[in-house]
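Here is how the chains run, residue by residue.
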Amino acid sequence: MTAVDEIKIGGMGASRRRVEDNRFIRGKGNYVDDIVLPGMLHMEILRSPLAHARIKSIDASKAWAMPGVRLVLTGETMAARNLAWMPTLSYDTQAVLATDKVRFQGQEVACVIADDPYIAKDACEAIVVDYEPLPVIVNPTQSLAEGAPLIRDDKENQSNNVVYDWEVGDKDGTDRVFDQADVISKIDLHYPRSHPAPIECCGSIADFNRATSKLTVYMTTQAPHIIRAAVALVAELPEQMIRIISPDIGGGFGNKVPVYPGYVASILASILLERPVKWIEDRTGNLISTGFARDIYLHGELALRKDGRILGVRMKATADHGAFFSDAQPSKFKIGLMHSAFACYDIPNAHLEARGVYTNKAPGGVAYRCSFRVTEAMFFQERMVQAAADDLGMDQAEFRRINFVRDDDFPHRTPWGFLTDSGQYGKCLDVGLEAIGYEEFLKEKEEAAKRGRLLGIGISTMTEPLGAGNSREYDILGIKMFDSAELKIHMTGKALLRTGAKTQGQGHETTWAQIVAHELGLPAEDILVEEGDTDTAPFGMGTYASRSTPVAGAAVAMVSRKIRAKARKIAAHLLEISEEDVEWELGRFYVRSQPDRGVTIQECAMAAYSNMPDGMEPGLENVAYYDPPNLTWPFACYIVTVEVDPETGVWDVLRLVAVDDCGVRINPMIVEGQIMGGLTEAYAMANMQFITFDEHGNCIGSNFTDYLLPTAWETPGIELHEVETPCPHHPIGAKGIGECAAVGGPAAFVNAVMDALKGTGVRNIDMPVFPDRVYEALQTGQDVSGAPPVRTDET
Amino acid sequence: MLIKHDFEVPVDVDKVWEFCQNIPQVAACLPGASLTDEIAPDQYTGNVGIRLGPVQMQFAGQAAVTERDHANRTIVVDASGADEKGRGQAALGLTARLVPTATGTRVEVEQDLQLSGAAAQYGRGMISDVSAVMMRDFATNMQTRIDAYDRGVSPDQIQTKSAGGFGIAIAAAWIALKRVGRRFFLPYEPNRI
């Protein structure tokens, strides 16, 4: 008898089909809106049509009088219960229902709870709100202007619209290298507001049972345990009486991390009415009021030596947070991990200044498929790098190569304090250049230029910090960023695994089983994975920031090892030898001196319940909590070639090459799916996705006619390549991968278009790089900014 | 948002100016609009119904003539209103100037339109195109009414078009298409609507 074949049992490295897809493709998923409870009522939210206005009065009498209406909640009702405002994850406050004034278009003003959603919607329209319009602020320049109206007049000691000023790095040292620089490359950039727009909008069903005092909430959350803790702390309900269930989730992308007023209102309504209350958000509600992403401005400078070495970096970032500072990010750093920029380059001096401002726009800056401002950091980094290479007249690939952290230079401390631990940056770049045919393309580009054709090549190389914590530096409201896994091996050798993470499309039900298979040799199909119910799952911090595999995935490996350690004792007992003489191969313990004499892991499981050694606790179950020693640092190189039509400004992607090093791959098929998904979103951000505002604060991009999502039709083909540098501290050598392509991708597309426009005097076109912006840049020879308010012809 | 249009009616400028003094008559020319009450001299309450793609909205509000310049034949009207279902608000500053031409009168209309809520969210790309169609209908209606007025027909007997529906959608789409087409043949102007 020999070890089981790991690929055959669906272990590590197997491109195992996703088990969850079986129910999704049959329409048998169980989303919040699929759940129907007896006696359930429906809630609808009335939103503000104005971006900034004082509420003079709210008359809900007509709504109350409508048949089927059970309850109308306004700011006044909430204030009477001290619930008009709630704390945000960033230590600010956010209105649940507006009391004094509305601060962005789409803000929640009132809720109606009725027998069906149609009555609730009609009743919302019957509520008369008398608004007194106030001047509107839609960008940081307006926000910081002398005499600008104060948005947060609710806050004591708030005399302007500044949320924070924050800095990191060595200012004096950086100033000194800038004084010594041969060339200083400067660029101004805006990463526009975007929205994750998951296919399923947000929603909840709150079910308070007066008889048992138990509150059960089904909700679209990426982090159910954090919600339970928040409800316990904010609403002062006993934590054992709160059960948060996150059923199937139709995509999160960061949008489902924050706590939204709809959740809070539905919980209060259920407590008041003692009946289940369902709230399901519509698409416009999702786009105009829930967590947006990005919206950050940068002035960036690089100090350069003539030979191409970067001596220092200066970044001055201004973040537009909207009406409330409710970023969903767990670090102690005000601007998230913006200072992870340039981590893949060996730069001795750096300084970053960041300022956050309030505007009359939706709050809730979320990390849309990234780790808290990492997307902006890497976009700015790679746009600055390309501009610097151009300023030096150097080849952009060579410029990157000479500034990379070398393979023998790890662990490497970045000037802003991060510790990178592994990577083969030069090799990844080489694989990418080889795949795209770099030299040949440059020749082709030159030939094409002679005939008036505009070809361009854009490169984006980056390493990013994924998988918060460690718990020393990362917490949410003081709760440390560890994660957990609980594994129960039944006597028949089948198993149940639960983790504190929550899948929203990442495929945990498939890959977690593969990690257990890798550690124990149980076939992956014998392992059921469950997540998202706080009454059953061990406490964990949820899924975002690509932290599932780095943290919860590690916990799965660690709990499997605990199980194996106990099984080894049982094996020694069954084999009647001492534990030291027991050897392990996948799926089986054997006698060192007699390899054909052994017991399988399944036989050990049966013995754990039927024939355990004297003095041993029965059962084969355990739980592990994992606090990673560091973030994981995957590396990626994306290369895009484009052709720009000078007569229309339309640009087409010719080829798109991706080289990803995410360490050891658990399920290569799922990894590739993540990369393709990320690049699709990167392309969308560069090309079409656009949430902006006019001068009155109207949200432009409130529906899928204006906010464009890419389909298979416009998404370019993707060529995937792989380099593997195992993570030195992760139990199975894996690194995060969910976000790399969405983080690193956008700069590659923009760099490609800007490369095609090289020589025209145009240095930057803000995303989305719409054809009319390219056309305008070509006609005027000037940069095109995309900051709101939007021009009237730009829709 | 500033929207400018002009149109010609083959009617003498003095006659058009005289017609313009009768605000309820002028309002009746605007598709979908109706005045409900005159609350003071030159101050009215009224409704405007409009359909922007999927959204049908009914604005109720007030309009006031804030300036009447007989010498330059210019009239300024300020109007504001809110959708009856709370989905948006609109404020409009309208300036109309009459210019005599060889064949009649050119009416130059400048609209400074501020929208909020659903009208602004859904309709943004269509507003100026829809507005152009409405102005075209407004011109036709105005001509019909001036003719009728001349003949002594009672205004109540005059049928004029209402706003919205398929006609406006088709006409607005055609204008949008033409705008795209123009880009290929005319010199580039970033702010051309």
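Residues numbered from 1 in each chain as written. Chains lettered and ligands numbered in written order. Predicted model: local features only at pLDDT ≥ 70, side-chain atom pairs only at ≥ 80, totals over all residues. Heavy atoms only, no water.

Helices and strands together make up the secondary structure of chain A, namely 19 helices and 34 strands. Compactness check: chain A gives a C-alpha radius of gyration of 28 Å against a globular reference of 28 Å for 795 residues, within 12% of the reference. With respect to the principal axes defined by its C-alpha atoms, chain A has extents near 85 × 75 × 50 Å. A buried classification covers 65% of the 795 residues belonging to chain A. Taking contacts inside chain A between residues at least 6 apart in sequence as the whole, the part at least 24 apart equals 79%. A total of about 27800 Å² of accessible surface is found on chain A, and carbon and sulfur atoms cover 50% of it. Side chains of chain A give 76 positive and 110 negative charges; the mean places of these two sets differ by 2 Å. (Helix = DSSP H or I, 4+ residues; strand = E, 2+ residues; numbered from the N terminus. Rg over C-alpha atoms; globule rule 2.2 N^0.38 Å. Buried < 20%, exposed > 50% of the residue type's maximum accessible area, 1.4 Å probe, protein only. Contact = heavy atoms within 4.5 Å. Areas by Shrake-Rupley, 256 points an atom, 1.4 Å probe, with all protein chains shown as cover. Lys, Arg positive; Asp, Glu negative; His and termini not counted. Charge placed at Lys NZ, Arg CZ, Asp CG, Glu CD.)

Residue and element names in this part refer to chain A. Take arginine 498: it is sitting in strand S24 (residues 495–499). Here glutamate 530 takes part through its side chain, which lies 2.9 Å from a polar atom of the side chain of arginine 498. Other than its neighbours up to four places away in sequence, arginine 498 contacts Ser484, Ala485, Glu486, Lys488, Glu530, Thr536, Ala537 and Pro538. (Polar contact = N/O pair within 3.5 Å; in protein donor to acceptor, adjacent residues only side chain to side chain.)

The next thing to look at is the domain arrangement of chain A. Residues and elements named next belong to chain A. The domain boundaries assigned to chain A delineate domain 1 (21–28 + 483–626), domain 2 (32–134 + 201–249 + 256–289) and domain 3 (371–466 + 631–780). Using C-alpha coordinates to define each centre, domain 1 is positioned 40 Å away from domain 2. Contact residues are listed per partner, giving 18 residues for domain 1 and 17 residues for domain 2. Of the roughly 1500 Å² buried where domain 1 meets domain 2, counting both sides, 51% is carbon and sulfur surface. Among the residues of domain 1 in contact with domain 2, Lys502, Gln504 and Thr534 are the three that bury the most area, contributing 37% of the side total. Taken together, the links from domain 1 to domain 2 amount to 4 salt bridges. Measuring nitrogen to oxygen at the nearest pair gives 2.7 Å for the salt bridge that ties arginine 23 to aspartate 248. Our count for the contact surface shared by domain 1 and domain 2 stands at 12 residue pairs in polar contact (both at pLDDT 80 or more). Its residues assigned to classes, the side of domain 1 that touches domain 2 comprises 6 nonpolar, 7 polar and 5 charged. (Domains from an automatic or database assignment. Buried area = accessible area lost by both parts, 1.4 Å probe. Salt bridge = Lys/Arg side-chain N within 4 Å of Asp/Glu carboxyl O. Nonpolar A, V, L, I, M, F, W, Y, C, P; charged D, E, K, R; others polar.)

When we look at a pair of aromatic rings, we describe it by the centre distance and by the angle of the planes. All names here are of chain A. Counted by the stated rule, this structure contains 26 aromatic pairs over all chains. With 6.4 Å between their ring centres and 85 degrees between their planes, phenylalanine 104 and phenylalanine 324 make a pair best called edge-to-face. Taken together, the positions of phenylalanine 104 in the loop between strand S6 (101–102) and strand S7 (108–114) and phenylalanine 324 in the loop between strand S16 (310–320) and strand S17 (349–357) put the pair 220 residues apart, joining distant regions of the chain. Per residue, the accessibility class of phenylalanine 104 equals that of phenylalanine 324, and both read buried. Put simply, the rings of Phe342, Tyr345, Phe404, Phe410, Tyr425 and Phe635 touch in pairs and so form one group of aromatic residues. (Phe/Tyr/Trp six-rings, centres within 6.5 Å; stacked < 30°, edge-to-face > 60°.)

Next up on the list: the packing of helix H15 (residues 548–575) of chain A against helix H16 (residues 601–610) of chain A. Residues and elements named next belong to chain A. Where H15 contacts H16, the axes come no closer than 9 Å and their chain directions differ by 85 degrees. The orientation of H15 relative to H16 falls into the category roughly perpendicular. Contacts between H15 and H16 involve Ala567, Ile570, Ala571 and Leu574 on the former and, on the latter, Ile601, Glu603, Cys604, Ala607 and Ala608. Residue composition of the contact of H15 with H16, by class: 8 nonpolar, no polar and 1 charged. (Axes fitted to C-alpha atoms, helices over the stretch in contact; angles between N-to-C directions. Parallel < 35°, antiparallel > 145°, perpendicular 65-115°, else oblique.)

Attention now goes to the environment of valine 19 of chain A. Mapped onto the fold, valine 19 of chain A is located in the segment before helix H1 (21–25). Excluding residues that lie within four positions of it along the chain, valine 19 of chain A makes contacts with Glu509 and Thr510 of chain A.

So, on to the packing of helix H14 (residues 508–520) of chain A against H15 of chain A. Residues and elements named next belong to chain A. Running from N to C, H14 and H15 point in directions that differ by 35 degrees, and their axes come no closer than 9 Å. H14 and H15 meet at a crossing whose hand is right-handed. Contacts from His508, Trp512, Ile515, Val516, Glu519 and Leu520 in H14 reach Ser548, Thr549, Ala552, Gly553, Val556, Ala557, Ser560, Arg561, Ile563 and Arg564 in H15. In terms of residue class, the contact of H14 with H15 is made up of 8 nonpolar, 5 polar and 3 charged. (Left-handed = near helix turned anticlockwise from the far one by under 90°.)

Residue and element names in this part refer to chain A. Counting 135 residues, the largest nonpolar core has Met315, Ile335, Phe342, Tyr544 and Trp651 as its most contacted members. Counting residues per element, this core draws most heavily on helix H18 (residues 740–756), at 12 residues. Setting aside residues no more than four positions away along its own chain, methionine 315 makes contact with Leu298, His299, Met338, Ala341, Phe342, His351, Leu352, Glu353, Phe380, Met384 and Trp416. Ile489, Val559, Trp584 and Val599 belong to the second largest nonpolar core, which has 49 residues in total. (Core = buried A, V, L, I, M, F, W, Y, C linked by side-chain atoms within 4.5 Å.)

Here the focus is the sheet that holds S6 of chain A. Residues and elements named next belong to chain A. Read across the sheet, 3 strands follow the order S6-S2-S8 without closing on themselves; strand pairing throughout is antiparallel. At either margin of the open sheet sits one strand with a lone partner, and together these are S6 and strand S8 (128–133). Of the strand pairs in this sheet, strand S2 (residues 53–59) and S6 are connected by 2 bridges, and their pairing is antiparallel. Bridge pairing links alanine 53 to valine 102 in S6. (Pairing = 2+ DSSP bridges.)

Together, Asp395, Glu434, Glu439 and Glu440 of chain A line one region of the surface with negative charge. Structurally, the position occupied by glutamate 439 of chain A is in helix H13 (residues 438–450). (Patch = residues over 30% accessible without salt bridge, like charges linked within 9 Å, V, L, I, M, F, W, Y side chains within 5 Å.)

Here we come to the sheet that holds S24 of chain A. Residue and element names in this part refer to chain A. Sheet architecture is open: 4 strands sit in the order S25-S24-S23-S29, paired in mixed fashion. A strand with exactly one partner marks an edge of an open sheet, and here the two such strands are strand S25 (527–531) and strand S29 (621–626). Each neighbouring strand pair of the sheet contributes to a mean axis angle of 15 degrees, computed without reference to strand direction. Sheet topology places strand S23 (residues 483–489) next to S29; 6 bridges connect them, and they run antiparallel. Bridging from a neighbouring strand, leucine 487 pairs with asparagine 622 of S29. Relative to S29, H15 is tilted by about 145 degrees, and along the sheet it contacts S23, S24 and S29.

Bringing the environment of leucine 631 of chain A into the picture now. Residue and element names in this part refer to chain A. Its place among the elements puts leucine 631 in the loop between S29 and strand S30 (635–644). Overall, the relative accessible area of 3% leaves leucine 631 in the buried class. Along the sequence, leucine 631 and glutamate 464 sit 167 residues apart, while their C-alpha atoms lie 9.1 Å from each other. Each residue touching leucine 631, except ones within four places of it in the same chain, is listed here: Phe418, Asp421, Pro465, Leu466, Gly467, Ala468, Gly469, Tyr474 and His729.

Quick look at H18 of chain A now. Because each turn of an α-helix spans 3.6 residues, side chains separated by three or four positions end up pointing in the same direction. The terminal C-alpha atoms of H18 of chain A lie 25 Å apart, and with 17 residues this matches the ideal 24 Å at 1.5 Å per residue to within 8%. Burial analysis of H18 of chain A places 17 of its 17 residues in the buried class, which makes it a mostly covered element. (Expected span 1.5 Å × (residues − 1).)

Residue and element names in this part refer to chain A. Of all 7 residues in S23, 6 are buried, a share of seventy percent or more. One ladder, built from 5 bridges, connects S23 with S24; its direction is antiparallel. Counterpart to leucine 487 in the pairing with S24 is leucine 497. The hairpin turn running from S23 into S24, its antiparallel successor, is 5 residues long, and glycine 493 in that turn takes a positive phi close to 85 degrees.

Considering every residue of chain B, the mean pLDDT works out to 79; 76% of them sit at 70 or more. Confidence scores differ between elements of chain B, with helix H4 (residues 165–185) of chain B showing the lowest mean pLDDT of 62 and strand S5 (residues 74–83) of chain B the highest of 91. (pLDDT = per-residue confidence, 0-100.)

Take the pairing of S24 of chain A next. All names here are of chain A. A large share of S24 lies buried, amounting to 5 of its 5 residues. Pairing between S24 and S25: 5 bridges, direction parallel. By the bridge assignment, leucine 497 is partnered in S25 with valine 529. Assessed by its sense of winding, the connection that carries the chain from S24 through H14 to S25 is right-handed. (Right-handed = clockwise from strand over helix to strand, strands pointing away.)

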